[in-house]
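Structural description and commentary
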Amino acid sequence: MTRLDVDLVLVGGGGAASLVLAALDRHGVGGLRIAVVDPVRRRGQDRTWAFWGHPDTDLDPLLSASWHQVEVVTPARRRVLDLTPLRYAMLRSGPVYDRAAEAERRLDAIRIAAPADVVRDDGTGVVVRTGDGRAIRAGWALDSRPRPPARAGRTTWLQHFRGWWLEADRPVFDPRRAVLMDFRTPQPARGVSFGYVLPVSDRYALVEYTEFSPDLLTDAGYDAALADYRDLLGLDPGGLRVREVENGVIPMTDAPFPARPSPRVVRLGTAGGATRPSTGFTFSAMYRQADQVARALAAGRPPVPAPAYPARHRWMDAVALRALDSGGVGGPDFFDRLFDRNPAERVLRFLDGVTTPAEEIAIMNSTRLRPMIAATAGDAAQRLRDRLRPARPAPAIPAAVVGGPQRPVPDSEN
(Lines give C-alpha, C1' and ligand atoms only; values in the text may rest on other atoms or scores of the structure.)
Protein backbone atom coordinates (compact mmCIF):
# COMPACT_ATOMS: atom_id res chain seq x y z
CA MET A 1 0.00 0.00 0.00
CA THR A 2 1.39 3.39 -1.01
CA ARG A 3 1.55 5.88 1.86
CA LEU A 4 1.38 9.63 1.51
CA ASP A 5 3.22 11.67 4.16
CA VAL A 6 2.00 15.20 4.89
CA ASP A 7 2.14 17.76 7.69
CA LEU A 8 -1.59 18.43 7.84
CA VAL A 9 -4.62 16.49 6.65
CA LEU A 10 -8.11 17.96 6.46
CA VAL A 11 -10.68 15.18 6.80
CA GLY A 12 -13.92 16.43 5.26
CA GLY A 13 -14.16 19.21 2.72
CA GLY A 14 -17.28 21.20 3.61
CA GLY A 15 -17.65 24.66 5.07
CA ALA A 16 -15.23 24.24 7.99
CA ALA A 17 -12.44 22.83 5.82
CA SER A 18 -13.05 25.46 3.12
CA LEU A 19 -12.66 28.23 5.69
CA VAL A 20 -9.42 26.65 6.95
CA LEU A 21 -7.94 26.50 3.45
CA ALA A 22 -8.86 30.14 2.81
CA ALA A 23 -7.39 31.18 6.17
CA LEU A 24 -4.13 29.33 5.54
CA ASP A 25 -3.79 31.17 2.24
CA ARG A 26 -4.81 34.52 3.78
CA HIS A 27 -2.19 34.25 6.53
CA GLY A 28 0.56 33.20 4.14
CA VAL A 29 1.12 29.76 5.61
CA GLY A 30 3.73 28.20 3.36
CA GLY A 31 6.01 25.20 3.31
CA LEU A 32 3.40 22.78 4.67
CA ARG A 33 2.44 19.58 2.93
CA ILE A 34 -1.36 19.51 3.04
CA ALA A 35 -3.90 16.87 2.02
CA VAL A 36 -7.69 17.13 1.81
CA VAL A 37 -9.64 13.88 2.12
CA ASP A 38 -13.26 14.08 1.02
CA PRO A 39 -15.29 12.03 -1.48
CA VAL A 40 -16.97 15.14 -2.93
CA ARG A 41 -15.47 18.34 -4.29
CA ARG A 42 -17.87 21.02 -3.09
CA ARG A 43 -19.09 23.48 -5.69
CA GLY A 44 -22.00 25.85 -6.15
CA GLN A 45 -24.83 26.84 -3.85
CA ASP A 46 -25.56 23.89 -1.62
CA ARG A 47 -26.11 25.90 1.59
CA THR A 48 -26.55 29.41 2.95
CA TRP A 49 -24.96 30.82 6.08
CA ALA A 50 -26.27 33.83 7.98
CA PHE A 51 -24.16 35.55 10.62
CA TRP A 52 -23.43 38.92 12.18
CA GLY A 53 -20.18 40.78 12.52
CA HIS A 54 -18.37 43.99 11.74
CA PRO A 55 -18.28 45.23 8.13
CA ASP A 56 -15.11 45.42 6.04
CA THR A 57 -13.84 41.91 6.72
CA ASP A 58 -12.24 39.66 4.13
CA LEU A 59 -15.67 38.04 3.64
CA ASP A 60 -17.30 41.21 2.30
CA PRO A 61 -16.58 40.48 -1.40
CA LEU A 62 -18.28 37.08 -1.03
CA LEU A 63 -21.55 38.22 0.58
CA SER A 64 -24.89 37.96 -1.20
CA ALA A 65 -26.38 40.68 1.02
CA SER A 66 -26.01 42.39 4.38
CA TRP A 67 -28.26 44.53 6.57
CA HIS A 68 -27.69 47.02 9.38
CA GLN A 69 -31.33 46.70 10.43
CA VAL A 70 -33.36 43.58 11.20
CA GLU A 71 -36.90 42.93 12.42
CA VAL A 72 -38.00 40.75 15.33
CA VAL A 73 -41.76 40.17 15.10
CA THR A 74 -44.20 38.75 17.65
CA PRO A 75 -48.01 38.60 17.52
CA ALA A 76 -48.02 41.75 19.67
CA ARG A 77 -45.51 43.95 17.88
CA ARG A 78 -42.90 44.43 15.18
CA ARG A 79 -39.53 45.65 16.44
CA VAL A 80 -36.90 47.14 14.10
CA LEU A 81 -33.40 46.72 15.53
CA ASP A 82 -30.37 48.81 14.58
CA LEU A 83 -27.36 46.49 14.72
CA THR A 84 -24.70 49.21 14.50
CA PRO A 85 -21.75 48.72 14.73
CA LEU A 86 -22.55 45.17 13.59
CA ARG A 87 -24.41 43.99 10.52
CA TYR A 88 -26.32 40.82 9.66
CA ALA A 89 -24.93 39.11 6.58
CA MET A 90 -25.80 36.29 4.20
CA LEU A 91 -23.13 34.17 2.59
CA ARG A 92 -23.86 31.46 0.06
CA SER A 93 -21.57 28.50 -0.27
CA GLY A 94 -20.49 28.95 -3.90
CA PRO A 95 -18.07 31.85 -3.32
CA VAL A 96 -16.64 30.12 -0.23
CA TYR A 97 -15.94 26.95 -2.19
CA ASP A 98 -14.41 28.95 -5.05
CA ARG A 99 -12.08 30.77 -2.66
CA ALA A 100 -11.13 27.49 -1.00
CA ALA A 101 -10.37 25.89 -4.37
CA GLU A 102 -8.09 28.79 -5.27
CA ALA A 103 -6.38 28.57 -1.87
CA GLU A 104 -5.96 24.82 -2.31
CA ARG A 105 -4.21 25.44 -5.63
CA ARG A 106 -1.87 28.10 -4.18
CA LEU A 107 -1.07 25.93 -1.16
CA ASP A 108 -0.31 23.01 -3.52
CA ALA A 109 -2.58 20.80 -1.42
CA ILE A 110 -3.23 17.22 -2.45
CA ARG A 111 -6.89 16.27 -2.80
CA ILE A 112 -7.95 12.66 -2.27
CA ALA A 113 -11.49 11.99 -3.52
CA ALA A 114 -12.42 9.19 -1.14
CA PRO A 115 -14.09 8.84 2.26
CA ALA A 116 -11.90 8.49 5.33
CA ASP A 117 -12.68 5.10 6.88
CA VAL A 118 -10.10 5.31 9.69
CA VAL A 119 -8.55 8.28 11.49
CA ARG A 120 -6.09 6.96 14.10
CA ASP A 121 -3.71 8.90 16.32
CA ASP A 122 -0.76 6.61 17.13
CA GLY A 123 0.97 9.06 19.46
CA THR A 124 3.50 10.39 16.98
CA GLY A 125 1.18 11.20 14.09
CA VAL A 126 -2.23 10.50 12.56
CA VAL A 127 -2.94 7.73 10.06
CA VAL A 128 -5.92 8.20 7.76
CA ARG A 129 -7.08 5.24 5.70
CA THR A 130 -9.49 5.86 2.85
CA GLY A 131 -12.24 3.77 1.36
CA ASP A 132 -10.21 3.12 -1.77
CA GLY A 133 -7.29 1.64 0.15
CA ARG A 134 -4.94 4.60 0.40
CA ALA A 135 -3.11 5.65 3.57
CA ILE A 136 -2.09 9.15 4.62
CA ARG A 137 0.19 9.87 7.54
CA ALA A 138 0.07 13.40 8.93
CA GLY A 139 1.49 15.36 11.81
CA TRP A 140 -2.00 16.75 12.52
CA ALA A 141 -5.55 16.01 11.39
CA LEU A 142 -8.40 18.53 11.26
CA ASP A 143 -11.61 16.50 11.15
CA SER A 144 -14.88 18.29 10.27
CA ARG A 145 -17.05 15.29 9.37
CA PRO A 146 -20.50 15.29 11.01
CA ARG A 147 -20.78 12.99 14.01
CA PRO A 148 -22.98 12.60 17.10
CA PRO A 149 -21.80 13.99 20.45
CA ALA A 150 -19.79 11.88 22.87
CA ARG A 151 -22.84 11.05 24.98
CA ALA A 152 -26.52 11.90 25.12
CA GLY A 153 -27.37 15.38 26.34
CA ARG A 154 -29.60 16.33 29.23
CA THR A 155 -31.69 18.24 26.66
CA THR A 156 -31.59 17.48 22.95
CA TRP A 157 -33.48 19.49 20.37
CA LEU A 158 -33.00 20.04 16.65
CA GLN A 159 -33.05 23.17 14.60
CA HIS A 160 -34.75 22.00 11.42
CA PHE A 161 -35.90 24.13 8.54
CA ARG A 162 -36.90 24.53 4.95
CA GLY A 163 -36.37 27.65 2.88
CA TRP A 164 -37.61 28.79 -0.50
CA TRP A 165 -35.62 31.13 -2.69
CA LEU A 166 -38.48 33.19 -4.09
CA GLU A 167 -38.38 35.34 -7.20
CA ALA A 168 -41.27 37.81 -7.55
CA ASP A 169 -42.78 39.40 -10.65
CA ARG A 170 -42.79 42.81 -8.99
CA PRO A 171 -41.09 44.50 -6.00
CA VAL A 172 -42.43 42.83 -2.82
CA PHE A 173 -39.38 42.60 -0.52
CA ASP A 174 -37.61 45.36 1.43
CA PRO A 175 -33.87 44.93 0.73
CA ARG A 176 -32.95 47.48 3.42
CA ARG A 177 -33.63 45.07 6.29
CA ALA A 178 -33.91 41.36 7.03
CA VAL A 179 -36.52 39.63 9.17
CA LEU A 180 -34.41 37.90 11.83
CA MET A 181 -37.24 36.12 13.69
CA ASP A 182 -40.99 36.25 13.04
CA PHE A 183 -42.84 34.41 15.80
CA ARG A 184 -46.32 34.84 14.32
CA THR A 185 -46.07 31.26 13.03
CA PRO A 186 -48.14 28.63 14.92
CA GLN A 187 -46.05 27.42 17.84
CA PRO A 188 -45.49 23.65 18.27
CA ALA A 189 -46.68 21.94 21.44
CA ARG A 190 -43.08 21.40 22.48
CA GLY A 191 -40.63 23.81 20.93
CA VAL A 192 -40.35 27.12 19.10
CA SER A 193 -41.12 28.07 15.50
CA PHE A 194 -40.46 31.21 13.50
CA GLY A 195 -40.06 32.43 9.95
CA TYR A 196 -37.47 34.75 8.53
CA VAL A 197 -36.78 36.67 5.34
CA LEU A 198 -33.36 37.43 3.86
CA PRO A 199 -33.90 39.75 0.87
CA VAL A 200 -31.21 40.05 -1.79
CA SER A 201 -33.28 42.56 -3.76
CA ASP A 202 -36.86 43.82 -3.86
CA ARG A 203 -37.75 40.82 -6.07
CA TYR A 204 -35.56 38.02 -4.69
CA ALA A 205 -35.30 36.63 -1.16
CA LEU A 206 -34.80 33.52 0.93
CA VAL A 207 -38.00 32.88 2.91
CA GLU A 208 -37.60 30.19 5.54
CA TYR A 209 -39.59 28.31 8.17
CA THR A 210 -37.62 27.05 11.18
CA GLU A 211 -38.44 24.99 14.25
CA PHE A 212 -36.48 24.39 17.43
CA SER A 213 -38.00 21.11 18.65
CA PRO A 214 -37.16 17.44 19.34
CA ASP A 215 -38.69 15.99 16.16
CA LEU A 216 -38.67 16.66 12.42
CA LEU A 217 -41.74 17.41 10.31
CA THR A 218 -42.79 15.52 7.23
CA ASP A 219 -42.01 16.77 3.75
CA ALA A 220 -45.60 17.94 3.36
CA GLY A 221 -45.43 19.55 6.81
CA TYR A 222 -42.51 21.79 5.85
CA ASP A 223 -44.16 22.83 2.60
CA ALA A 224 -47.44 23.60 4.37
CA ALA A 225 -45.67 25.65 7.06
CA LEU A 226 -43.75 27.61 4.42
CA ALA A 227 -46.86 28.24 2.35
CA ASP A 228 -48.66 29.49 5.46
CA TYR A 229 -45.76 31.80 6.28
CA ARG A 230 -45.66 33.09 2.71
CA ASP A 231 -49.36 33.90 3.02
CA LEU A 232 -48.80 35.52 6.42
CA LEU A 233 -46.29 37.84 4.76
CA GLY A 234 -48.98 38.84 2.28
CA LEU A 235 -47.12 37.45 -0.73
CA ASP A 236 -49.22 36.43 -3.73
CA PRO A 237 -48.19 32.89 -4.76
CA GLY A 238 -49.34 33.63 -8.31
CA GLY A 239 -46.56 36.21 -8.67
CA LEU A 240 -43.80 34.06 -7.17
CA ARG A 241 -41.50 31.33 -8.42
CA VAL A 242 -39.51 28.98 -6.19
CA ARG A 243 -36.01 29.00 -7.69
CA GLU A 244 -34.28 26.83 -5.09
CA VAL A 245 -35.13 24.89 -1.93
CA GLU A 246 -32.89 24.52 1.11
CA ASN A 247 -33.36 22.02 3.93
CA GLY A 248 -31.34 21.45 7.06
CA VAL A 249 -31.05 19.89 10.50
CA ILE A 250 -28.68 21.25 13.15
CA PRO A 251 -28.23 19.83 16.67
CA MET A 252 -29.28 21.97 19.65
CA THR A 253 -28.04 20.07 22.68
CA ASP A 254 -26.00 20.41 25.85
CA ALA A 255 -24.29 17.12 24.97
CA PRO A 256 -20.49 17.42 24.61
CA PHE A 257 -18.77 17.53 21.23
CA PRO A 258 -15.11 16.83 22.09
CA ALA A 259 -12.93 19.18 20.06
CA ARG A 260 -9.75 17.21 20.82
CA PRO A 261 -10.55 13.48 20.77
CA SER A 262 -6.82 12.66 20.76
CA PRO A 263 -3.60 14.70 20.99
CA ARG A 264 -3.14 15.21 17.22
CA VAL A 265 -6.74 15.13 16.01
CA VAL A 266 -8.72 18.39 16.16
CA ARG A 267 -12.41 18.50 15.28
CA LEU A 268 -13.93 21.56 13.64
CA GLY A 269 -17.43 22.74 12.75
CA THR A 270 -20.41 21.16 14.50
CA ALA A 271 -18.28 18.12 15.42
CA GLY A 272 -15.90 20.45 17.26
CA GLY A 273 -18.57 22.30 19.22
CA ALA A 274 -19.02 25.26 16.86
CA THR A 275 -22.83 25.06 16.87
CA ARG A 276 -24.36 27.29 19.56
CA PRO A 277 -26.77 25.05 21.51
CA SER A 278 -29.33 27.79 22.17
CA THR A 279 -29.63 29.02 18.56
CA GLY A 280 -28.00 26.59 16.13
CA PHE A 281 -25.79 29.35 14.70
CA THR A 282 -22.43 27.95 13.63
CA PHE A 283 -20.71 30.05 10.98
CA SER A 284 -19.02 32.69 13.18
CA ALA A 285 -17.45 30.06 15.42
CA MET A 286 -16.29 28.07 12.37
CA TYR A 287 -14.70 31.20 10.96
CA ARG A 288 -12.93 31.92 14.28
CA GLN A 289 -11.70 28.34 14.46
CA ALA A 290 -10.25 28.53 10.95
CA ASP A 291 -8.52 31.84 11.64
CA GLN A 292 -7.01 30.56 14.89
CA VAL A 293 -5.75 27.39 13.20
CA ALA A 294 -4.09 29.41 10.44
CA ARG A 295 -2.51 31.91 12.83
CA ALA A 296 -1.14 29.08 14.94
CA LEU A 297 0.42 27.29 11.98
CA ALA A 298 1.85 30.55 10.63
CA ALA A 299 3.57 31.04 14.01
CA GLY A 300 4.83 27.46 14.13
CA ARG A 301 2.40 26.41 16.86
CA PRO A 302 0.04 23.39 16.97
CA PRO A 303 -3.21 24.00 15.01
CA VAL A 304 -5.48 23.92 18.06
CA PRO A 305 -8.18 26.62 18.24
CA ALA A 306 -9.68 27.91 21.46
CA PRO A 307 -13.01 26.43 22.59
CA ALA A 308 -15.80 27.68 20.35
CA TYR A 309 -17.69 29.15 23.33
CA PRO A 310 -16.68 29.86 26.96
CA ALA A 311 -17.71 27.22 29.49
CA ARG A 312 -20.06 29.66 31.21
CA HIS A 313 -21.90 30.17 27.91
CA ARG A 314 -22.33 26.45 27.45
CA TRP A 315 -23.79 26.29 30.97
CA MET A 316 -26.20 29.17 30.21
CA ASP A 317 -27.24 27.42 26.99
CA ALA A 318 -27.93 24.21 28.92
CA VAL A 319 -30.15 26.09 31.37
CA ALA A 320 -31.98 27.96 28.59
CA LEU A 321 -32.61 24.75 26.64
CA ARG A 322 -33.95 23.06 29.76
CA ALA A 323 -36.28 26.00 30.50
CA LEU A 324 -37.60 25.98 26.94
CA ASP A 325 -37.98 22.19 26.86
CA SER A 326 -39.90 22.09 30.13
CA GLY A 327 -42.30 24.78 28.96
CA GLY A 328 -41.32 27.07 31.83
CA VAL A 329 -40.22 29.66 29.29
CA GLY A 330 -41.95 30.28 25.97
CA GLY A 331 -39.65 30.69 22.98
CA PRO A 332 -41.20 33.87 21.54
CA ASP A 333 -41.29 35.47 25.00
CA PHE A 334 -37.69 34.43 25.73
CA PHE A 335 -36.22 36.01 22.60
CA ASP A 336 -38.57 39.00 22.71
CA ARG A 337 -37.40 39.88 26.24
CA LEU A 338 -33.74 39.54 25.26
CA PHE A 339 -34.08 42.07 22.46
CA ASP A 340 -36.47 44.30 24.41
CA ARG A 341 -34.20 44.72 27.44
CA ASN A 342 -30.75 44.79 25.82
CA PRO A 343 -29.09 46.60 22.92
CA ALA A 344 -29.28 44.37 19.86
CA GLU A 345 -25.50 44.46 19.54
CA ARG A 346 -25.13 43.00 23.06
CA VAL A 347 -27.56 40.15 22.34
CA LEU A 348 -25.80 39.25 19.10
CA ARG A 349 -22.36 39.31 20.70
CA PHE A 350 -23.72 37.13 23.50
CA LEU A 351 -25.01 34.61 20.96
CA ASP A 352 -21.52 34.63 19.41
CA GLY A 353 -19.94 33.94 22.81
CA VAL A 354 -17.88 37.14 23.01
CA THR A 355 -19.60 39.13 25.78
CA THR A 356 -18.15 40.02 29.19
CA PRO A 357 -19.48 38.53 32.46
CA ALA A 358 -21.08 41.89 33.31
CA GLU A 359 -22.97 41.89 30.01
CA GLU A 360 -24.04 38.30 30.60
CA ILE A 361 -25.53 39.23 33.97
CA ALA A 362 -27.60 41.87 32.16
CA ILE A 363 -28.68 39.25 29.64
CA MET A 364 -29.71 36.80 32.38
CA ASN A 365 -31.63 39.54 34.19
CA SER A 366 -33.71 39.95 31.03
CA THR A 367 -35.26 36.51 31.38
CA ARG A 368 -38.10 35.40 33.64
CA LEU A 369 -36.53 34.68 37.01
CA ARG A 370 -38.64 31.85 38.47
CA PRO A 371 -38.54 29.39 35.54
CA MET A 372 -34.84 30.05 34.97
CA ILE A 373 -34.07 29.31 38.64
CA ALA A 374 -36.07 26.08 38.34
CA ALA A 375 -34.17 25.16 35.17
CA THR A 376 -30.84 25.92 36.86
CA ALA A 377 -31.71 23.66 39.80
CA GLY A 378 -32.93 20.91 37.49
CA ASP A 379 -29.76 21.14 35.40
CA ALA A 380 -27.56 20.87 38.49
CA ALA A 381 -29.49 17.82 39.73
CA GLN A 382 -29.28 16.15 36.33
CA ARG A 383 -25.52 16.78 36.13
CA LEU A 384 -25.13 15.06 39.50
CA ARG A 385 -27.20 12.06 38.36
CA ASP A 386 -25.10 11.85 35.19
CA ARG A 387 -21.96 11.48 37.29
CA LEU A 388 -23.46 8.55 39.16
CA ARG A 389 -24.59 6.47 36.20
CA PRO A 390 -23.01 5.27 32.95
CA ALA A 391 -23.11 7.69 30.04
CA ARG A 392 -25.85 7.00 27.52
CA PRO A 393 -24.87 6.96 23.83
CA ALA A 394 -26.11 9.89 21.80
CA PRO A 395 -28.45 9.31 18.87
CA ALA A 396 -27.20 10.21 15.43
CA ILE A 397 -28.22 13.59 14.05
CA PRO A 398 -31.01 12.84 11.55
CA ALA A 399 -30.74 13.81 7.92
CA ALA A 400 -32.85 16.67 6.61
CA VAL A 401 -36.25 15.85 5.15
CA VAL A 402 -36.20 16.55 1.42
CA GLY A 403 -38.70 16.11 -1.38
CA GLY A 404 -41.55 17.96 -2.99
CA PRO A 405 -42.06 19.24 -6.53
CA GLN A 406 -38.83 21.22 -6.52
CA ARG A 407 -35.56 19.31 -6.31
CA PRO A 408 -34.25 20.41 -2.90
CA VAL A 409 -30.67 21.30 -2.07
CA PRO A 410 -29.63 19.83 1.30
CA ASP A 411 -28.12 22.28 3.76
CA SER A 412 -25.92 21.75 6.78
CA GLU A 413 -23.72 23.85 8.96
CA ASN A 414 -20.65 21.68 8.91
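Preceding this paragraph is the structure being described.
Residues numbered from 1 in each chain as written. Predicted model: local features only at pLDDT ≥ 70, side-chain atom pairs only at ≥ 80, totals over all residues. Heavy atoms only, no water.

Overview of the sheet that holds strand E4 (residues 65-67)
With antiparallel pairing, 3 strands are arranged side by side in an open sheet as E3-E7-E4. The open sheet has two free edges, formed respectively by strand E3 (48-53) and E4, since each of these has just one partner strand. For this sheet, the mean inter-axis angle between neighbouring strands, taken without regard to orientation, is 20°. Taken together, the 6 bridges between E3 and strand E7 (residues 87-92) define a ladder with antiparallel strand orientation. Bridge pairing links glycine 53 to arginine 87 in E7. (Pairing = 2+ DSSP bridges. Helix = DSSP H or I, 4+ residues; strand = E, 2+ residues; numbered from the N terminus. Axes fitted to C-alpha atoms, helices over the stretch in contact; angles between N-to-C directions.)

Quick notes on the packing of helix H7 (residues 344-351) against helix H8 (residues 357-364)
Where H7 contacts H8, the two axes come as close as 11 Å, and the packing angle between them is 105°. Comparing the axis directions of H7 and H8 gives the class roughly perpendicular. From H7, Arg346, Val347, Arg349 and Phe350 reach across to H8, where they touch Glu359, Glu360, Ala362 and Ile363. When the residues that make up the contact of H7 with H8 are grouped by side-chain class, the tally is 4 nonpolar, no polar and 4 charged. (Parallel < 35°, antiparallel > 145°, perpendicular 65-115°, else oblique. Contact = heavy atoms within 4.5 Å. Nonpolar A, V, L, I, M, F, W, Y, C, P; charged D, E, K, R; others polar.)

Things to note about the layout of surface pockets
Vacant regions in the atomic arrangement are exposed by a probe of water-molecule size rolled over the atoms. When its volume is computed, the largest pocket comes out at roughly 640 Å³. Surrounding the largest pocket, 30 residues form its lining, Asp254, Ala255, Pro256, Phe257 and Arg314 being those nearest its centre. Elements with a minimum of two residues in the lining of the largest pocket: strand E16 (240-253), helix H5 (311-326) and helix H9 (369-388). Residue classes in the lining of the largest pocket are distributed as 15 nonpolar, 6 polar and 9 charged. (1 Å grid on protein atoms, 1.4 Å probe; cavity = no way out; pocket = protein on both sides within 12 Å on 5 of 7 lines; lining within 4 Å. Points joined across faces, edges and corners; volume = space filled by probe spheres on them.)

A few points about the pairing of E3
With 6 of its 6 residues buried, E3 lies for the most part within the structure. A two-sided burial pattern is seen for E3, the buried positions comprising Thr48, Ala50 and Trp52 on one face and Trp49, Phe51 and Gly53 on the other. (Buried < 20%, exposed > 50% of the residue type's maximum accessible area, 1.4 Å probe, protein only.)

Focus: the packing of aromatic side chains
If you walk through the whole model with that rule in mind, you get 12 aromatic pairs. One aromatic cluster is present, built from ring pairs that chain together Phe183, Phe194, Tyr196, Phe212, Phe334 and Phe335. Note that arginine 264 overlies the ring of tryptophan 140, its terminal NZ or CZ placed 5.4 Å from the centroid. Geometry around tyrosine 309 places arginine 276 over its ring, the cationic atom sitting 5.2 Å from the centre. (Phe/Tyr/Trp six-rings, centres within 6.5 Å; stacked < 30°, edge-to-face > 60°. Lys NZ or Arg CZ within 6 Å of the ring centre and 35° of its normal.)

As for helix H1 (residues 15-26)
For H1, with 12 residues, the first-to-last C-alpha span of 16 Å sits near the 16 Å given by 1.5 Å per residue. Buried residues dominate H1, accounting for 10 of its 12 residues. Where the residues of H1 are buried, they touch strand E1 (3-11), strand E2 (34-37), E3, helix H2 (93-106), strand E11 (135-143) and helix H4 (283-298). Note on H1: the residue one or two positions beyond its end, glycine 28, has a positive phi of about 65°. (Expected span 1.5 Å × (residues − 1).)

Here's the deal with the pattern of salt bridges
Applying the stated criterion to the full structure yields 45 salt bridges. In this structure, arginine 162 engages aspartate 223 in a salt bridge whose closest nitrogen and oxygen atoms are separated by 3.0 Å. Of the two residues, arginine 162 sits in strand E12 (residues 156-168) while aspartate 223 sits in helix H3 (residues 219-232), which places them 61 residues apart along the sequence. Exposure remark for arginine 162: the relative accessible area of 1% places this residue in the buried category. A network of salt bridges, in which partner residues are shared, links Arg154, Asp254, Asp379, Arg383, Asp386 and Arg389. (Salt bridge = Lys/Arg side-chain N within 4 Å of Asp/Glu carboxyl O.)

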